[in-house]
Each structure stands twice: as structure tokens, then as C-alpha cells.
Amino acid sequence: MQTIRVHASKEYDICIGSGLLQQAGALTAAVKAPCAVMLVSDSHVEPLYADRVAASYEAAGFTVHRFTFPAGEASKNMHTLVQLLEALGAAGLTRSDLLVALGGGVTGDLTGFAAAVYQRGVDFVQIPTTLLAAVDSSVGGKTAVDLACGKNMAGCFWQPCLVVCDPDVFATLSPDIFADGMAEVIKYGVILDEPFFEWLEHCDAHAGAESIVARCCRLKKQVVEQDERDTGLRALLNFGHTIGHAIEKCSDFTISHGSGVAIGMVAMTRAAEAAGCAPAGLCERIAALCVRHDLPTAVNMPVQALCAAARSDKKRSTGGITVVVPQQPGRAVTRKLALEELDAWIAAGCAAEDENR
Ligand code: GLY
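Bear in mind that the values here come from a model prediction, so they are computed numbers and not experimental data.

S.K.: So what's going on with the overall build of the chain? Which residues, and what values?
M.R.: Helix and strand content of the chain: 13 helices and twelve strands. Viewed in the frame of its principal axes, the chain has a C-alpha envelope of about 60 × 40 × 35 Å. Looking at the chain as a whole, 58% of its 357 residues qualify as buried. Residue pairs at least 24 apart in sequence account for 74% of intrachain contacts in the chain once pairs closer than 6 positions are excluded. Roughly 13,600 Å² of accessible area belongs to the chain as shown, and the carbon and sulfur atoms make up 52% of that amount. Here the chain holds 29 positive side-chain charges and 40 negative ones, and the gap between their average locations is 6 Å.

Pasting the structure below:
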């Protein structure tokens, strides 16, 4: 087992290792006295892993209740949040009890938000079951639900008290869900870690999943420790996300987060190259890496619709929107674009895709 300690407003461990799902209860008991637990999972994950995780908590002395919601981004909303909060109340959970998020990014974000607001804040544990959640959303304390106006529009920062990642669970992921996580993995290589980027250009991601998770979590921990509240450095983690979120929204979430981010990273780099802000050839290299890991690099969508959706991104602030511009593998900078400039960058990034198609 590898243990990575995160020193944020709350200190906690990320435990990564084969077979840890069965040890989740014992690992939690080391940081939290036995109490009532609400085990939250979706309709895909619950039949696969909830019994095993519940048994491990019960064996460690916890009393387990369950809340299961329909799988999918469409559930990540205020309605499901209120249902979960009401379930916590109905089960009689108190401030000293615990929520456990067993699942992917939707489950983690929803459960974290419920933990942050239920009785003004209770502890929660993240047990990611997708690569995407393991390398990104389960670490760092961002919690949220979507609103009609956009993704992750209501939420808060609330750190977990423990993250338990068992890479064995990736074996049940469909190829497209595994690839989804690889988009975030590639992101870390582009913005922070050139040797990792180069390794990804020839690695077997399935065989190396455990070390990929550990590498990404170490990178993310370093960023979160310096900028937990996302006021500076942490913005780098949004590389590809402004266009990515716009693509997700314009597709009515039929295009996944990872696919959106992959297309967004390629489009943003292409636009940066066209504007003379990134070296020639970088876009091609990032696109090749995405293709190598079964990710799309283009989408057929009206540029105007993407621009409108990107303008409502929550990274917008007075006078523009901050985007992430890669400089070389392993290094990126943030840059504030006026909204008209953003439109031009999206057009440049996506128009070239049309030509290439
Ligand atoms: N997923 C981006 C962040 O945690 O800041």
C-alpha cells in the first residue's frame, strides 16, 4: 500500500493499493471512532461493491446505512442532494457520524457536498471506483452539483478525512470509462510533469494503473497544498476544462467529462499555437497522446454554441475568463482572455478540427 499525506485545511491520507476495498473499514477506524455510516453509491456501483465495503465497515464496528441513486451526470443536482440529506436525517445521522462516497466523480462530488452542509459539516471518506475519480475528483476537497446554468455551479470546498483507492476496481470499468480517466492523467503530464508525459507516450496504462494513480495524486496534493481554495496555482488543473465543460453541456452530457477534456486540451493548445502562445507541434503531440489512450480529439458542434456555453463557465470573472495555456510538456501558464478573445480561441481551436476531419 502507498500512503500519500495531504496537508490541507484538513490533514488526511490517500491510501492506494490492491485489495484495499476490503480494508476500507479498518483504514477508516484508524482515523474515526466507529459510528453510523451512510454509504452512498450509484445504481452501477452499488451491486458491484457496496456489500463488500459495507461488510468491511461493519467488521470494523461501524453501523452502515445505504443511499443509492440512478447512475449518471443527470443525478448530480439539487434534487438528489436533498434526497441524500433527507436520508441522512431519516437515518438519524449526527454530526459525529460519517458519509462514505463509493463511486466515480458524481458520487464523490455529491456526497462531499452533502457532508459539507449536513448539520454544518460532517466527515466523509472517498472510495473512488473510476480512474477519473481516483486521479482527480476524490482528492482536494472540491464538491458540487450541477445547475441548469452549468456544471458544478453550486458547491464548496470540503476535504475528506480519508481517500481509499483500490486499483483492482478498474478491472470492471468499460474501455470508455477507463479512457475518460486517462484524459485527466494526460492533463497532469502536460501541465506539471514532463517525464510522466513522456512515459504516457509508451506505457501500458492498465498494467500501470496503480503507479499512475499514485503519481497523479502526488502531483495534485502538491497543488492543493499550495492553493486549496483555487485562487491561483490550482487553476492549472483546469487545463482543457473550459471548452470541455462547454462540450459536455452542449451535448446534454452525452459526451463524457474525459472526452470533453481531451477535446478541450487539444483545441486550447491548437488555438494557443495559432496565437503564438505555444510552440508549434505541441498540439499534435497532445492529440497523439489522447488518441493513444482511446480519447477523441475533435467534436462536430457549432462553434457559436460552444462559445456561448464557455462564456457561462464558472471560471469567468470580471473582464474575462482564465484559461490554461501549455508551454511545453510539463509546463503551463494561466492567461486571462477577454470574452471576445475566448470566442476567437475556441473558433481557432475548433475550426482547425473541421479542416482536419
Ligand atoms: N479538478 C480540478 C481541481 O480539483 O481543482
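On we go.
S.K.: Any details on the nonpolar core? Residues and values, ideally.
M.R.: Membership of the largest hydrophobic core comes to 103 residues, with the highest contact counts inside it found for Tyr57, Ile127 and Phe170. Leaving out residues up to four positions away in the same chain, Phe170 has contacts with Thr129, Thr130, Leu131, Ala134, Cys165, Phe178, Ala209 and Val213. One finds Phe67, Leu93, Leu110 and Ala115 within the second-largest nonpolar core, a separate group that totals 20 residues.

S.K.: Outline the pattern of salt bridges, listing residues and values.
M.R.: Scanning the entire structure with this criterion turns up 17 salt bridges. Here Arg66 ties to Glu46 by a salt bridge, and the two come within 2.8 Å at their closest N and O atoms. One end of the pair, Arg66, is in strand 4 (residues 63-69); the other, Glu46, is in helix 2 (residues 45-59), with 20 residues separating them in the sequence. You can call Glu46 partly exposed: its relative accessible area is 22%. For Arg66, the salt bridge goes to Asp51, with nearest N and O atoms at 2.7 Å.

S.K.: Can you break down helix 3 (residues 78-90) residue by residue, with the values?
M.R.: An α-helix turns once per 3.6 residues; consequently, residues spaced three or four apart project the same way. Its 13 residues give helix 3 an end-to-end C-alpha distance of 18 Å, which sits within 8% of 18 Å, the value for a rise of 1.5 Å per residue. Packed against the buried residues of helix 3 are strand 3 (36-42), strand 4, strand 5 (98-103), helix 4 (105-117) and strand 7 (142-147). By the N-cap criterion, in which a side-chain oxygen at the helix start approaches the backbone nitrogen of a residue two or three places on, helix 3 is capped by Asn77, the distance to His79 being 3.1 Å.

S.K.: Please set out the side chain of Lys76 residue by residue, giving values where relevant.
M.R.: Position of Lys76 relative to the elements: it lies in the loop between strand 4 and helix 3. You can call Lys76 buried: its relative accessible area is 3%. Among the polar contacts listed, one links the side chain of Lys76 to the side chain of Asn152, at a separation of 2.6 Å. The residues contacting Lys76, other than those within four sequence positions of it, are Val106, Asp109, Ala144, Val145, Asp146, Lys151 and Asn152.

S.K.: Explain the pairing of strand 9 (residues 162-165) residue by residue, including any values.
M.R.: Neither face of strand 9 is exposed, since Leu162 and Val164 on one face and Val163 and Cys165 on the opposite face are all buried. Pairing of strand 2 (residues 11-16) with strand 9 involves four bridges; the strand directions are parallel. Looking at the pairing, Ile16 lines up with Cys165 of strand 9. Of the strand pairs in this sheet, strand 6 (residues 123-128) and strand 9 are connected by two bridges, and their pairing is parallel. Bridging across to strand 9, Val125 finds its partner in Leu162.

S.K.: Which residues make up the site of the ligand, and what values go with them?
M.R.: With respect to spatial proximity, the complete set of residues near the ligand consists of Asp136, Lys142, Lys220, Arg234 and Leu237. Contact distances for the ligand include 2.9 Å between an oxygen atom and a side-chain N or O atom of Lys142. Between an oxygen atom of the ligand and a side-chain N or O atom of Lys220, the distance comes to 2.6 Å. Within the complex, the protein chains bury 90% of what would otherwise be the 190 Å² of accessible surface of the ligand.

S.K.: Which residues make up the environment of Leu233, and what are the values?
M.R.: Secondary-structure assignment places Leu233 in the loop between helix 8 (209-226) and helix 9 (241-250). When its relative accessible area of 31% is taken as the criterion, Leu233 is described as partly exposed. For the pair Leu233 and Arg331, spaced 98 residues apart in sequence, the C-alpha separation works out to 12 Å. Residues within four places of Leu233 in sequence aside, it is in contact with Val223, Gln226 and Asp227.

S.K.: Explain the packing of aromatic side chains to me, using residue names and the numbers behind them.
M.R.: The tally for this structure, following the rule as stated, stands at two aromatic pairs. Between the aromatic rings of Tyr57 and Phe62, the centroid separation amounts to 5.2 Å while the plane-to-plane angle is 70 degrees, which identifies the pairing as edge-to-face. Considered together, Tyr57 and Phe62 belong to a single accessibility category, that of buried residues. The interplanar angle of 15 degrees and the centroid separation of 6.0 Å between the aromatic rings of Phe196 and Trp199 together place this pair among those described as stacked. Here Phe196 and its partner Trp199 are both found in helix 7 (residues 194-200), three residues apart, which amounts to about one turn of the helix. Above the face of the Trp158 ring, Lys10 is positioned so that its terminal group lies 4.5 Å from the ring centre. Sitting above the plane of the Tyr188 ring, Lys187 keeps its charged end 4.9 Å from the centroid.

Thresholds applied
- Residues numbered from 1 in each chain as written.
- Predicted model: local features only at pLDDT ≥ 70, side-chain atom pairs only at ≥ 80, totals over all residues.
- Heavy atoms only, no water.
- Helix = DSSP H or I, 4+ residues; strand = E, 2+ residues; numbered from the N terminus.
- Buried < 20%, exposed > 50% of the residue type's maximum accessible area, 1.4 Å probe, protein only.
- Contact = heavy atoms within 4.5 Å.
- Areas by Shrake-Rupley, 256 points an atom, 1.4 Å probe, with all protein chains shown as cover.
- Lys, Arg positive; Asp, Glu negative; His and termini not counted.
- Charge placed at Lys NZ, Arg CZ, Asp CG, Glu CD.
- Core = buried A, V, L, I, M, F, W, Y, C linked by side-chain atoms within 4.5 Å.
- Salt bridge = Lys/Arg side-chain N within 4 Å of Asp/Glu carboxyl O.
- Expected span 1.5 Å × (residues − 1).
- Polar contact = N/O pair within 3.5 Å; in protein donor to acceptor, adjacent residues only side chain to side chain.
- Pairing = 2+ DSSP bridges.
- Near = heavy atom within 4 Å.
- Phe/Tyr/Trp six-rings, centres within 6.5 Å; stacked < 30°, edge-to-face > 60°.
- Lys NZ or Arg CZ within 6 Å of the ring centre and 35° of its normal.

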